Amino acid sequence: MADGGGESESTALEFTPTWIVAAVCSLIVVISLAAERCLHYLGKTFKAKNQKALFEALLKVKEELMLLGFISLLLTVFQGVMQRTCIPQEWSIYMLPCHNAKKQAELSPTEAHGLAAGILGLTRRRLLAEGGPMAQHCQKKEEVPLLSVEALHQLHIFIFILAIAHVIFCVLTMLLGSARIRQWKHWEDEIQKGATENGPRKVTDVHQSEFIREHFKGIGRDSTMLNWLHSFVKQFYGSVTKSDYTTMRLGFITTHCRANPKFDFHRYMMRALEADFKKVVGISWYLWIFVVVFMLLNVNGWHTYFWISFIPLLLLLAVGTKLEHVITQLAQEVAEKHSAIEGDLVVNPSDDHFWFGRPKIVLYLIHFILFQNAFEIAFFFWILTTYGFNSCIMDHVPFIVPRLVVGAIIQLLCSYSTLPLYAIVTQMGTFFKKEIFDEHVQQSLVGWAQKAKKRKALKNNGNGSTGAAGSASAHPSARLELMRRAVALEEGSAGGNGSEASAAELQDRGPKL
């Protein structure tokens with residue numbers, strides 16, 4: 001005991017050379033400041049290039065780092081409390097991620113009690129060496145601490161690795177997916193050049209359209225199964241073809257901005273994707289619940305992390321199939337209603353094509369898929385660097401290799417197929433996104449709406465009425481005026497080209513703002 005206390009005293013801060021303390025502090029401060037400056041200059045670069053969505057995503061990353069810092073502070077502050085919280089030794093032999101289950105099953109209850117003491121023997125001796133009186137507190141009761149200092153430290157490291165891995169995987173997915181979407185830019189350029197040609201409108205057979213031929217498989221129960229099977233297979237090759245892009249682009253423009261046939265759909269789609277990226281890069285509260293649940297289920301012999309590695313793969317396949325099936329539904333609607341059309345084939349965007357009528361559900365699923373895949377990879381590398389490849393917590397090789405292969409497949413499939421599909425297919429909902437307007441137009445609209453709402457509230461207060469029902473966004477005339485201002489600002493930023501939308505068109509578009 002005296003030796004333990006002497007060793008603890010000799011390693012305390014008051015007996016540590018000042019040059020060591022100063023050197024370590026200087027190194028930590030330099031590294032922290034360098035990381036902060038890198039993030040600062042990266043933010044300035046995004047601002048200079050007018051990449052507000054990416055700048056906001058960077059702010060989201062900073063928020064996550066602040067949250068991790070707060071978690072780190074809590075783990076440090078409550079370290080002493082965890083050391084003073086004692087539990088019976090028998091409790092420590094249940095739901096272990098790594099232990100000799102066969103030997104434990106052969107032991108009597110008395111021997112099992114001894115096994116628990118043996119399992120934690122090294123930990124108790126280390127705690128006596130490092131923790132001094134705090135570790136002796138539980139030993140006197142013949143109990144063990146709730147969480148050892150070493151386990152707390154390793155948990156600390158895992159949380160940081162998980163957050164960093166999630167950010168890296170999200171950025172990598174965004175970069176690869178954006179590169180895939182940029183390949184569609186030449187389609188947009190070809191359409192823009194062809195939009196100036198005003199030839200005669202020809203009547204064509206719907207079933208001769210390339211878009212219909214690729215997606216429409218007939219009517220009936222057999223064709224429904226065939227459509228779903230075709231949607232499942234198509235996500236692996238040519239997930240978005242030129243006819244898909246052309247038709248969905250025309251359907252969006254016809255529904256939401258009929259007055260501007262030369263609307264740059266590709267640019268809008270990229271802006272909307274960048275805006276969604278800032279939501280995906282964060283770690284929401286329900287994802288932290290997921291981490292806690294699966295750390296609870298990491299019991300020896302259950303192979304939990306092997307089975308959960310298939311969850312994001314199955315979800316990713318379901319999301320890709322659903323997005324492809326939305327395109328199929330758009331084609332099927334046109335094919336069932338028309339046998340011949342005059343001019344170009346136009347589809348009708350609607351939220352009814354998506355799960356529960358909410359396209360946003362797809363974004364939440366992609367968020368969960370990316371996080372769960374990052375969790376798998378982060379857990380693997382954390383175990384590899386902390387315990388080594390041959391550790392029992394790493395599990396057997398036949399369970400490790402499939403997890404890594406599945407993780408790589410998820411990353412590639414999500415980047416090159418699912419994310420580009422999401423970017424274009426979710427534009428086929430009933431409502432358009434605010435990214436349809438340039439940044440200065442968005443700010444002008446928000447400022448005007450806020451001023452109109454304040455004026456309406458003051459007017460209602462002056463008349464002694466309640467102002468809840470008098471918001472500008474709820475009044476049809478205010479909504480119509482909002483759309484007029486949006487179109488005027490958009491046309492002004494384009495150099496005055498294009499005609500002003502009619503009142504009827506604005507009224508049709510107003511409710512979709």
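A quick note: this is a predicted structure, and the numbers were derived from the prediction, not measured. (Residues numbered from 1 in each chain as written. Predicted model: local features only at pLDDT ≥ 70, side-chain atom pairs only at ≥ 80, totals over all residues. Heavy atoms only, no water.)

Asks: Could you clarify how one ought to interpret a nonpolar patch on the surface in this entry?
Replies: A grouping of Phe 381, Leu 384, Phe 389, Val 397, Val 401, Val 405 and Ile 409 is seen on the molecular surface, where their side chains present a nonpolar patch of about 570 Å² in accessible area. Looking at the secondary structure, you find Ile 409 in helix α19 (residues 397-425). By relative accessible area, which is 42% here, Ile 409 ends up partly exposed. (Patch = residues over 30% accessible without salt bridge, like charges linked within 9 Å, V, L, I, M, F, W, Y side chains within 5 Å. Areas by Shrake-Rupley, 256 points an atom, 1.4 Å probe, with all protein chains shown as cover. Salt bridge = Lys/Arg side-chain N within 4 Å of Asp/Glu carboxyl O. Helix = DSSP H or I, 4+ residues; strand = E, 2+ residues; numbered from the N terminus. Buried < 20%, exposed > 50% of the residue type's maximum accessible area, 1.4 Å probe, protein only.)

Asks: What's the story with the packing of helix α17 (residues 310-337) against α19 in this structure? I'm lost.
Replies: In a packed pair of helices, the relevant descriptors are the angle between the two axes and the axis-to-axis distance. Where α17 meets α19, the axes come as close as 10 Å, and the angle between the chain directions of the two elements is 25 degrees. As summarised for this structure, α17 and α19 are arranged roughly parallel, according to the angle between their axes. Handedness of the crossing formed by α17 with α19: left-handed. Residues Phe 310, Pro 312, Leu 313, Leu 316, Leu 317, Val 319, Gly 320, Leu 323, Glu 324, Val 326 and Ile 327 of α17 form the contact with α19, whose own contacting residues are Val 406, Ile 409, Ile 410, Leu 413, Cys 414, Thr 418, Leu 421, Tyr 422 and Val 425. Looking at side-chain class alone, the contact of α17 with α19 contains 17 nonpolar, two polar and one charged residues. (Axes fitted to C-alpha atoms, helices over the stretch in contact; angles between N-to-C directions. Parallel < 35°, antiparallel > 145°, perpendicular 65-115°, else oblique. Left-handed = near helix turned anticlockwise from the far one by under 90°. Contact = heavy atoms within 4.5 Å. Nonpolar A, V, L, I, M, F, W, Y, C, P; charged D, E, K, R; others polar.)

Asks: Help me understand the UniProt feature "transmembrane region" (unreviewed entry) in the protein, please; the structure alone is not making it clear to me.
Replies: Mapped onto this numbering, the UniProt entry gives "transmembrane region" (unreviewed entry) at residues 20-43, 64-82, 155-176, 280-299, 305-323, 361-384 and 404-425. Between the C-alpha atoms that bound residues 155-176 the distance is 31 Å, and the span itself is 100% helix and 0% strand. As annotated, residues 305-323 has a helix share of 95% and a strand share of 0%, and its two end C-alpha atoms lie 28 Å apart. (UniProt positions renumbered as here; feature names shortened; annotations may be inferred.)

Asks: When you look at the pattern of salt bridges in this model, what are you seeing that I'm missing?
Replies: A side chain of one charge can pair with a side chain of the opposite charge when the charged atoms of the two come close. Taken as a whole and judged by the stated rule, the model has nine salt bridges. The salt bridge involving Lys 185 is made with Asp 189; its shortest N-O contact spans 3.8 Å. You can see Lys 185 and its partner Asp 189 sitting in helix α10 (residues 185-194), four residues apart, about one turn around the helix. When its relative accessible area of 29% is taken as the criterion, Lys 185 is described as partly exposed. Among the ionic pairs, Glu 188 bridges to Arg 249, the shortest N-O distance being 3.2 Å. With Glu 188 in helix α10 and Arg 249 in helix α13 (residues 242-256), this pair connects stretches of sequence that are 61 residues apart. In this structure, Glu 188 and Arg 249 share a single accessibility class: buried. Through salt bridges that share partners, Lys 185, Asp 189 and Asp 264 make up one connected network.

Asks: Would you mind showing me how to read the environment of Val 347 here?
Replies: Structurally, Val 347 is set in the loop between β4 (340-342) and α18 (360-386). For Val 347, a relative accessible area of 2% gives the class buried. Expressed as a C-alpha distance, the spacing of Val 347 and Ala 331, which sit 16 residues apart in the sequence, is 7.2 Å.

Asks: Help me out: how do you make sense of the nonpolar core in this one?
Replies: For soluble globular proteins, the rule of thumb is that nonpolar side chains tend to be buried together. Ile 212, Tyr 245, Phe 252, Ile 424 and Val 425 are the most contacted members of the largest nonpolar core, which has 65 residues in total. The leading source of residues in this core is α17, at eleven residues. Setting aside chain neighbours within four positions, we find Val 425 in contact with Met 248, Leu 323, Val 326, Ile 327 and Phe 354. Residues Leu 162, Trp 288, Ile 377 and Ala 378 belong to the second largest nonpolar core, which totals 30 residues. (Core = buried A, V, L, I, M, F, W, Y, C linked by side-chain atoms within 4.5 Å.)

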